[in-house]
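An overview of the molecular structure
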Amino acid sequence: NGISGYIIENLDTEEMAQKTLEILRSPDHQKISHAAMDAALKYHDPTTIKEKWETLFEEIIQNAS
């Protein structure tokens, strides 16, 4: 929160607007952008997701037998 973007609680549109303005007014857009990309790759790495799906399918197939 505040490093790679912002967490908005309960879809609070006023807070969302304020945080959007903070990002737009930030003197270092690239820092936020790079941090967001690093976080996305860390938590949504395609290889990791593929492996989790394969594991799930293997478990389903084994349990169906």
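Before any of the text, the structure's been laid out above.
Note that the coordinates shown come from a computational prediction; the quantities given were computed from them, not determined experimentally. Residue numbers here run from 1 along each chain, matching the order of that chain's written sequence. Owing to the predicted nature of the model, reporting of local features is limited to residues with pLDDT of at least 70; listing and counting of side-chain atom pairs is limited to 80 or more, with chain, interface and lining totals taken over all residues. Calculation of side-chain values draws on the structure's entire complement of heavy atoms; hydrogens and water are dropped beforehand.

A few words on the environment of Gly 2. Labels follow the DSSP assignment, with helices taken as runs of H or I lasting at least four residues and strands as runs of E lasting at least two, numbered in each case from the N terminus. In this structure, Gly 2 sits in the segment before helix H1 (13-25). The exposure class assigned to Gly 2 is partly exposed, which follows from its relative accessible area of 36%. Along the chain, Gly 2 and Lys 31 lie 29 residues apart, while their C-alpha atoms are 11 Å from each other. Three exposure classes are used, based on accessible area relative to the maximum for each residue type with a 1.4 Å probe and protein chains only: buried under 20%, partly exposed in between, and exposed over 50%.

Now for the pattern of salt bridges. A pair is scored as a salt bridge if a Lys or Arg side-chain nitrogen falls within 4 Å of a carboxyl oxygen belonging to Asp or Glu. A complete count under the given rule lists two salt bridges for this structure. Lys 19 is paired through a salt bridge with Glu 22; the nearest N and O atoms lie 3.7 Å apart. Within this pair, Lys 19 and its partner Glu 22 are both found in helix H1, separated by three residues, close to a single helical turn. Across the salt bridge formed by Lys 50 and Glu 54, the nearest N and O atoms sit 3.0 Å from each other. Highlighted residues: Lys 50 and Glu 54, both in helix H3 (residues 46-64), separated by four residues, approximately one helical turn. On the accessibility criterion, Glu 54 (36% relative accessible area) is partly exposed.

Taken together, the side chains of Ile 49, Trp 53, Leu 56, Phe 57, Ile 60 and Ile 61 present a nonpolar region at the surface, about 590 Å² in accessible area. Structurally, Ile 49 can be placed in helix H3. Patch rule: a residue counts if its relative accessible area is over 30% and it has no salt bridge; like charges are joined within 9 Å, and nonpolar side chains (Val, Leu, Ile, Met, Phe, Trp, Tyr) within 5 Å. Note on areas: Shrake-Rupley, 1.4 Å probe, and residue coverage restricted to the protein chains presented here.

Glancing now at the packing of aromatic side chains. Pairing of aromatic side chains requires ring centres within 6.5 Å, counting the rings of Phe and Tyr and the six-membered ring of Trp. Pairs whose planes differ by under 30 degrees are stacked, by over 60 edge-to-face, and all others tilted. Counted under the stated rule, the structure contains one aromatic pair. Ring geometry for Trp 53 versus Phe 57: centroids 5.6 Å apart, planes at 35°, classification tilted. Taken as a pair, Trp 53 and Phe 57 lie in helix H3 at a separation of four residues, close to a single helical turn. Note on Trp 53: relative accessible area 48%, which makes it partly exposed.

What follows deals with unusual backbone geometry. With a phi close to 55°, Asn 10 is a non-glycine residue in the positive phi region. Structurally, Asn 10 is set in the segment before H1. Judged by its relative accessible area of 76%, Asn 10 falls in the exposed class. In the Ramachandran plot, Leu 11 falls in the positive-phi region, its phi being about 50° despite a non-glycine side chain.

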